[in-house]
Amino acid sequence: MNEYEHVEILLVDDSALDAELAIRGLKEHNLANDVVWVKDGEQALDYVYRRGQFEGRSGVGPRLILLDLKMPKVDGIEVTRVIKGDPQMRHIPIVIMTSSKEERDISESYSLGANSYIVKPVDFEALANVASQAGYYWLAINRVPG
């Protein structure tokens, strides 16, 4: 990753503690200039599509979405369905980070196009580490076209 490149990660999680730990893990390893945290799927879609409170936002948009599944308003499954079903947005990697170990959630996430599925560890330090590892892989190691 070019040190001068602006890298934005969209973190979608209704848990303030989980979000704080994920942000800390990402920032400690300098994986993003900007981590945008939203608390539900509706805000996530508004952010990606520049609607509502995000209508005038600047920047190119997220290079990575870290997405919880179980959230109020619009859940992570629906966010994945919308973004991965849109030819203009489907290139954005979506990493599901959730407490759900249910096979149904795992299967549905992948069938909708999620790029990765991670079960959140219960240990606080481990959660920060998992977020930084996911960010490092998708932003520094993985290559995308264009």
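Above this text sits the structure in question.
Residues numbered from 1 in each chain as written. Predicted model: local features only at pLDDT ≥ 70, side-chain atom pairs only at ≥ 80, totals over all residues. Heavy atoms only, no water.

**Observations concerning the overall build of the chain**
For the chain, the count of helices and strands is five helices and five strands. Across the chain, helices and strands are ordered from the amino to the carboxyl terminus as β-α-β-α-β-α-β-α-β-α. Relative to the globule expectation of 15 Å for 146 residues, the C-alpha radius of gyration of the chain, 14 Å, shows essentially globular dimensions. Across its three principal directions, the C-alpha atoms of the chain cover 40 × 35 × 30 Å. (Helix = DSSP H or I, 4+ residues; strand = E, 2+ residues; numbered from the N terminus. Rg over C-alpha atoms; globule rule 2.2 N^0.38 Å.)

**Here we look at the environment of Pro87**
Looking at where Pro87 falls in the secondary structure, it is placed in the loop between α3 (76–84) and β4 (94–98). Pro87 sits in the exposed class, given a relative accessible area of 60%. For the pair formed by Pro87 and Val48, sequence separation is 39 residues and the distance between their alpha carbons is 13 Å. (Buried < 20%, exposed > 50% of the residue type's maximum accessible area, 1.4 Å probe, protein only.)

**As for the packing of helix α1 (residues 16–28) against helix α5 (residues 124–141)**
Relative orientation of the contacting elements α1 and α5 amounts to 55°, with a least axis distance of 7 Å. By the angle between their directions, the pair α1 and α5 is classed as oblique. Crossing of α1 against α5: the hand is right-handed. Along the contact surface, α1 presents Leu17, Asp18, Leu21, Ala22, Arg24, Gly25 and Leu26, while α5 presents Phe124, Glu125, Leu127, Ala128, Ala131, Ser132 and Gly135. (Axes fitted to C-alpha atoms, helices over the stretch in contact; angles between N-to-C directions. Parallel < 35°, antiparallel > 145°, perpendicular 65-115°, else oblique. Left-handed = near helix turned anticlockwise from the far one by under 90°. Contact = heavy atoms within 4.5 Å.)

**Quick notes on the side chain of Thr80**
Relative to the helices and strands, Thr80 resides in helix α3. For Thr80, a relative accessible area of 0% puts it in the buried group. Polar side-chain contacts of Thr80 include one of 2.9 Å to the backbone oxygen of Gly76. Setting aside residues up to four positions removed in sequence, Thr80 forms contacts with Leu67, Gly85, Ile94, Ile96, Ser109, Leu112 and Ala114. (Polar contact = N/O pair within 3.5 Å; in protein donor to acceptor, adjacent residues only side chain to side chain.)

**Brief notes about the nonpolar core**
Leu10, Val12, Val38, Ile65, Leu67, Ile83 and Ile96 are the most contacted members of the largest nonpolar core, which has 25 residues in total. Counting only elements with at least two residues in this core, the list comes to β1 (8–12), β2 (34–38), α2 (41–48), β3 (64–67), α3 and β4. By residue number, the principal contributor to this core is α2, which donates four residues. Those residues in contact with Leu10 that lie beyond four places of it in its chain are Val36, Val38, Ala44, Tyr47, Val48, Pro62, Leu64, Ile65 and Leu66. By size, the runner-up hydrophobic cluster in this structure holds 18 residues, among which are Leu26, Val35, Ala131 and Ala134. (Core = buried A, V, L, I, M, F, W, Y, C linked by side-chain atoms within 4.5 Å.)

**Things to note about empty space enclosed by the protein**
Overall, the coordinates contain one cavity of 30 Å³ or more when judged by the stated rule. Along the walls of the largest cavity sit Leu11, Val12, Asp13, Asp18, Ala19, Ala22, Leu66, Leu67, Asp68, Met97, Lys120 and Leu127, which together make up its complete lining. Looking at the lining of the largest cavity, the elements that each hand over two or more residues are β1, α1 and β3. Broken down by element, the lining of the largest cavity gets its largest block of residues, three residues, from α1. Per-class residue counts for the lining of the largest cavity are eight nonpolar, no polar and four charged. (1 Å grid on protein atoms, 1.4 Å probe; cavity = no way out; pocket = protein on both sides within 12 Å on 5 of 7 lines; lining within 4 Å. Points joined across faces, edges and corners; volume = space filled by probe spheres on them. Nonpolar A, V, L, I, M, F, W, Y, C, P; charged D, E, K, R; others polar.)

Spatial relationships are all this shows, so hold off on functional conclusions.
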